[in-house]
Amino acid sequence: MQPLTGVRVLAVEQYGAGPFGTMYLANQGAEVIKIENPRDGGDMSRAVGPYFLGPEDSEFFHSFNANKYSMTIDLQKDEGQQLFHELVKTADAVSNNLRGDVPEKLGLDYTSLKSVNPQIVCAHLTAYGRTGSRSNWPGFDYLMQAEAGWFSVTGEPGTPPARFGLSVVDMMTGLAMAFGLVSAVVAARSSGTGRDMDVSLFDLALHNTNYLATWYLNEGVVTERLQRSAHPSLTPCQLYKTANGWIFIMCNKEKFWPILCQKLDRQDWLNDARFKLFKDRLQHRDTLQEMLDNELSKKSTEDWLNIFAGSVPASPINNIREAMENPFVKERGAIHEFPNPTTPNETFRMVAHPIRSGGDAPLRKPAPKLGADTERLLDELGLSKTRIKELRDLEII
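As the structure is a prediction and not an experimental result, all values here were calculated from the model.

Under the counting rule described, the total for this entry stands at 32 salt bridges. Residue Asp-101 is joined to Arg-99 by a salt bridge in which the shortest nitrogen-to-oxygen separation is 2.6 Å. A relative accessible area of 37% means that Arg-99 is categorised as partly exposed. Across the pair Lys-389 and Asp-393 runs a salt bridge whose closest N-O atoms are separated by 3.0 Å. Note that Lys-389 and Asp-393 are positioned in helix α17 (residues 385–393) at a spacing of four residues, about one turn of the helix. Judged on exposure class, the residue Lys-389 and its partner Asp-393 are both exposed. Shared partners join several salt bridges into a network, and the residues in it are Arg-8, Glu-31, Asp-373, Arg-376 and Glu-380.

All right, on to the nonpolar core then. Within the largest apolar cluster, 30 residues are counted, with the highest numbers of intra-cluster contacts made by Val-9, Leu-25, Val-32, Met-144, Val-169 and Leu-181. Of all the secondary structure elements, the ones that give two or more residues to this core are β1 (8–12), α1 (17–27), β7 (121–126), α7 (168–191) and α8 (201–207). Broken down by element, the residue count for this core peaks at eight residues, all from α7. Met-144 has contacts with Ala-127, Tyr-128, Gly-139, Val-169, Leu-201, Phe-202 and Ala-205, leaving out every residue within four places of it along the chain. With 29 residues, the next largest nonpolar core counts Met-71, Leu-87, Val-102 and Ile-396 among its residues.

Turning our attention to the environment of Ser-135. By the element assignment, Ser-135 lies in the loop between β7 and α6 (141–147). Assessed through its relative accessible area of 15%, Ser-135 is described here as buried. Residues Ser-135 and Arg-99, 36 residues apart in the sequence, show an inter-C-alpha distance of 7.2 Å. If sequence neighbours within four positions are ignored, Ser-135 has contacts with Arg-99, Gly-100, Asp-101, Gly-129 and Arg-130.

Let us now look at helix α3 (residues 78–88). Gly-80, Gln-81, Leu-83, Phe-84, Leu-87 and Val-88 are the residues of α3 that are buried. When α3 is viewed along its axis, its buried side chains cluster within an angular range of 160 degrees and face the same direction. Along α3, exposed side chains directed more than 90 degrees from the buried face belong to Asp-78 and Gln-82.

With that settled, consider the environment of Trp-269. The topology assignment puts Trp-269 in the loop between α10 (256–263) and α11 (278–283). Those residues in contact with Trp-269, other than ones at most four positions away along the chain, are Trp-257, Cys-261, Leu-264, Phe-275, Met-291, Leu-292 and Glu-295.

Attention now goes to the packing of aromatic side chains. On inspection of all chains with the given rule, the structure shows twelve aromatic pairs. Look at Tyr-15 and Phe-60: their rings are 5.4 Å apart centre to centre, the planes differ by 25 degrees, and that puts the pair in the stacked class. With Tyr-15 in the loop between β1 and α1 and Phe-60 in helix α2 (residues 59–65), the pair connects residues that are 45 residues apart, well separated along the chain. Tyr-15 sits in the partly exposed class, given a relative accessible area of 32%. Given a relative accessible area of 25%, Phe-60 falls into the partly exposed group. A cation sits over an aromatic face here: Arg-134 above Phe-202, 5.8 Å from the ring centre.

Moving on, we get to the environment of Lys-299. Note that Lys-299 resides in the loop between α12 (285–296) and α13 (301–308). With a relative accessible area of 34%, Lys-299 lands in the partly exposed category. Expressed as a C-alpha distance, the spacing of Lys-299 and Ala-367, which sit 68 residues apart in the sequence, is 46 Å. Setting aside its immediate chain neighbours within four residues, Lys-299 contacts Thr-242, Ala-243, Trp-304 and Ile-307.

About the criteria used
Numbering of residues begins from 1 in every chain and follows the order in which that chain's sequence is written. At least 70 in pLDDT is required for a residue's local features to be given in this predicted model, at least 80 for side-chain atom pairs to be given and counted, and no such filter applies to totals for whole chains, interfaces and linings, which use all residues. To obtain the side-chain values, all non-hydrogen atoms of the structure were used and water was disregarded. Here, a salt bridge means any side-chain nitrogen of Lys or Arg that lies within 4 Å of a carboxyl oxygen of Asp or Glu. Buried means the residue's accessible area, taken with a 1.4 Å probe over protein chains only, is under 20% of the maximum for its type, while exposed means over 50%, and partly exposed covers the values in between. The way it works is that DSSP assigns letters per residue, a run of H or I at least four long becomes a helix, a run of E at least two long becomes a strand, and they are numbered from the N terminus. Take the buried residues of types Ala, Val, Leu, Ile, Met, Phe, Trp, Tyr and Cys, join any two whose side-chain atoms come within 4.5 Å, and each joined set is a nonpolar core. For this analysis, residues touch if any pair of their heavy atoms sits within 4.5 Å. Taking the helix axis as origin, the arc is that swept by the directions to the C-beta atoms. By convention, a stacked pair of Phe, Tyr or Trp rings (six-membered ring in the case of Trp) has centres within 6.5 Å and planes under 30 degrees apart, an edge-to-face pair has planes over 60 apart, and any other such pair is tilted. By the criterion adopted, a ring carries a charge over it if an Arg CZ or a Lys NZ lies within 6 Å of its centre and within 35 degrees of its normal.

Written out as structure tokens, the structure reads:
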């Protein structure tokens, strides 16, 4: 029994943000049913290359849709809406990540569905919200990073503004939607009444400026990019040179500074008034950077990691290959094998879900083929084989 076993979510979703969030639900045992249009190939990410397990079966798609189910319904047709409403009667939630003005048009909001199922939770993930002047605007992760200030604090000073290396706004907004959905389902099961839950890429990107926003709003401080990805106030916390490359050190508690000095065999630094406290080290950050570069350049990154292990928070700078082949990743069992849906008796690999549920083996079901579960779900609703064929002929499913 996974934690969300018995929860059914109908997901009208595309591409990244929404599917990433509902995959968290699916990985915890929720029955997440992707509602896909039979006329346009379903979720567009099925065709996102350049790497595929089979035709219209992209590795990108699998990365966002493991452990889900797929049903094809054309929600723009009356008979499609009728089928959808029958499913809503059996569900706990309906999620979508459509443009802000679309959910109401497709009848995916609580006002449209409460007469069908008063307990239904309607979770909306949009670019700019379902209300206001931008409700009908399309929007994507990098746009949010740009407008919410992320570009201005990413990268090295003196270089062009830079985005974060991953689509983290999409991913975190998906998680926020999943959290809001589960929270509302808990409330609905208690009260008998569902609701709309809204999250937008823009709001999430703005919220994640967090303490930088608080500093500006109260102190007028505009945080800018710092050399070597340094922390704006805590030091040492940045990249430093070693004999063969770089190391990132994060002495983000006062207790780590004396430990670092000891590991470097530079106890004399502990008596230097310039480095006594965070505020002192911040004032002399450039001097300290030069001193640390000189000491750390005496050994390799690997040597220092062995010396610092468990005592000084430090990390190597890995590329994706190095990150995947890290021995600690193997120790953690952090890469899972999934059955290859195209080639029987073969597998493909993806990173493991990060939430580990005590006593439950992680689910390892590959993303579903388009419409793979349509007939099963319609059969559960009581439709005959003849009626199902009629709906296929009419391109309702």
